[in-house]
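Observations on chain architecture
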Amino acid sequence: AKERGLGLIEVFDDDASSRSLDRLGLRSDLLGALEGDQFAVHYQPICDLGSGQVVAFEALLRWTHPRRGPVPPDVFIPLAEETGAIVPIGHWVLERSCRELARWGTGGGRRVRVNVNLSPVQLQQPDLAHELLDIVRRSGVDPGDVCLEVTEHSYLRDDVTESAAVLRSAGLHFALDDFGTSYSSLNYLKWFPIDLLKVDRSFVGGVAANDTDRGIVRAVLAIADSLRLGVIAEGVETEEQRSALRGLGCAWGQGNLLSAPLTPDAALDLLAGRHSV
Ligand code: C2E
Ligand code: CA
Ligand code: CA
Ligand code: CA
C-alpha cells in the first residue's frame, strides 16, 4: 500500500488491491464513527434563483476520520450501505437535521425547510416510516418542512411504496435526486410520491453553453410543470448558469455559486442575516 500523507489518496490509487484493503479498513472504522462522535452534518443553502433567498438547506454528512482526516461521502456512504451502518447513521442525520431546523425556526426568524438524503438501503427497512416519523415528531418540527431526497433504484419498487405513502401522508415531502441520470426516472414518477425534482449537475454544467444540456433542462422543467412538481437545479457554479436557469423558468438552485455547505452555526448566521449568500 502506498501511504502518501493523507491516507485518502490511496483510495483513488490505481492499484486495486491497495484500494480494497483501504476500503476494508475504512469500513470497519465506520462502525465506531457514530459513537466516536466523528460525524458532523453541514447544510447547503437551496435558494430562490431570482431573489437569492434561502428556501431550504440540504443536510450533507461529513466524516472526519481520527487518523486520515476528512473522508468524502462518495467514498464512505457506499461502505455504510454495504454494512447496513447507513441505517443508524441515517437516523442520526435526520435527528440532527430536525434539531437544526427547530433552531433555525427560533433563531433565524424565517421559515425554511431541510432536505435529508435517504439511502435506498434505508428505504428497504420494514419499520422505516415509523422510525423516521418518530424522530421528526419528537423534534417538534412541522413534518411538512422536512423533505427526503431519494434516488431511483428499480429493485426497490415493491418494498417501498407503502413506507413512502405513510411518510407522505404524515406530511413529509420527497425529492427525486440526481434526476435524469438513471434509466427509468420517469417510471419512478408514476408510483413514488415525488414533490420535487433535483436536476443533476451534469446537465446544469452545460445549461448556458451546450444545446443538449439546455434542451434536457428545458424538458425536465416541462415534465415538472405538467406534473406540478418543483425543480431544484444542482451544482450551480456560475452566473451564466444561474441566468440561463432563470431564463428557462427554473425557480430554485443549489451550488457553490450560491453557497458551499455550511456548518450549523454559519447556516444560522445566514438565516439571521448576519451574513448573506
Ligand atoms: P448529492 O445528494 O447529489 O449531494 C450534492 C453533492 O454536490 C454534495 O457532495 C455537495 O457538496 C456537492 N455540491 C454542491 N454544490 C456543488 C457545486 O457547485 N459543484 C459541485 N461540483 N458539487 C457541488 P457531497 O457533500 O460530497 O456528497 C456526495 C453525495 O454523498 C451526495 O450527493 C449524497 O448522494 C451522499 N450523501 C451525503 N450526505 C448523505 C447522507 O446524510 N445520507 C446519504 N444516504 N447520502 C449522503
Ligand atoms: Ca441529495
Ligand atoms: Ca444530487
Ligand atoms: Ca449524487
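Counting of residues starts from 1 at the beginning of each chain's written sequence and follows it residue by residue. Chains carry letters from A onward and ligands carry numbers from 1 onward, assigned in written order. Per-residue local features of the predicted model are confined to residues with pLDDT of at least 70, and side-chain atom pairs are confined, for both listing and counting, to 80 or more; whole-chain, interface and lining totals are unaffected and use all residues. The basis for the side-chain values is all heavy atoms of the structure; hydrogens and waters are excluded.

The protein appears in an unreviewed UniProt entry as EAL domain-containing protein from Phytohabitans maris.

1. A word on the overall build of the protein
When you go through the protein residue by residue, the secondary structure sums to eleven helices and nine strands. Of all intrachain contacts in the protein linking residues separated by at least 6 positions in sequence, the fraction that spans at least 24 positions is 65%. Per element, the accessible surface of the protein, about 13200 Å² overall, is 49% carbon and sulfur. Numbering of helices and strands starts at the N terminus; helices are DSSP runs of H or I of at least 4 residues and strands are runs of E of at least 2. What makes two residues a contact is simply this: any of their non-hydrogen atoms within 4.5 Å. Residue exposure ignores everything except the shown protein chains as possible cover, and the areas themselves are Shrake-Rupley values with a 1.4 Å probe.

2. Examining the coordination of the calcium ion (ligand 4)
Metal donors were taken as nitrogen, oxygen and sulfur atoms no farther than 2.8 Å from the ion, or 3.2 Å where the ion is Na, K or Ca. Water is excluded, so coordination may look unfinished. Protein-derived ligands of the calcium ion (ligand 4) are Asp178 (OD) and Asp178 (OD), with the metal-ligand distances lying across 2.9 to 3.1 Å. A separation of 3.9 Å is found between the calcium ion (ligand 4) and the calcium ion (ligand 3), which share Asp178 as a coordinating residue. With respect to the element layout, Asp178 can be found in strand β6 (residues 173–179).

3. Thoughts on the side chain of Arg242
In this structure, Arg242 sits in helix α10 (residues 239–248). Burial classes follow relative accessibility: with a 1.4 Å probe on protein chains only, a residue under 20% of its type's maximum area counts as buried, one over 50% as exposed, and anything between as partly exposed. When its relative accessible area of 18% is taken as the criterion, Arg242 is described as buried.

4. Re the site of ligand 1
Any residue with a non-hydrogen atom lying within 4 Å of a molecule or strand is treated as near it. With respect to spatial proximity, 22 residues lie near ligand 1, and among them Gln44, Arg62, Arg201, Glu237 and Asn256 are the closest. Contact between ligand 1 and Asn117: an oxygen atom at 3.1 Å from a side-chain N or O atom of the residue. Any pair of N or O atoms that falls within 3.5 Å is considered a polar contact. Within protein, one atom must be able to donate a hydrogen and the other to accept it, and sequence-neighbouring residues count only if both atoms are side-chain atoms. Side-chain polar atom of Arg201 to an oxygen atom of ligand 1: 3.0 Å apart, as the coordinates give it. Calculation on ligand 1 without its partners gives an accessible area of 790 Å², and the protein chains cover 81% of this total.

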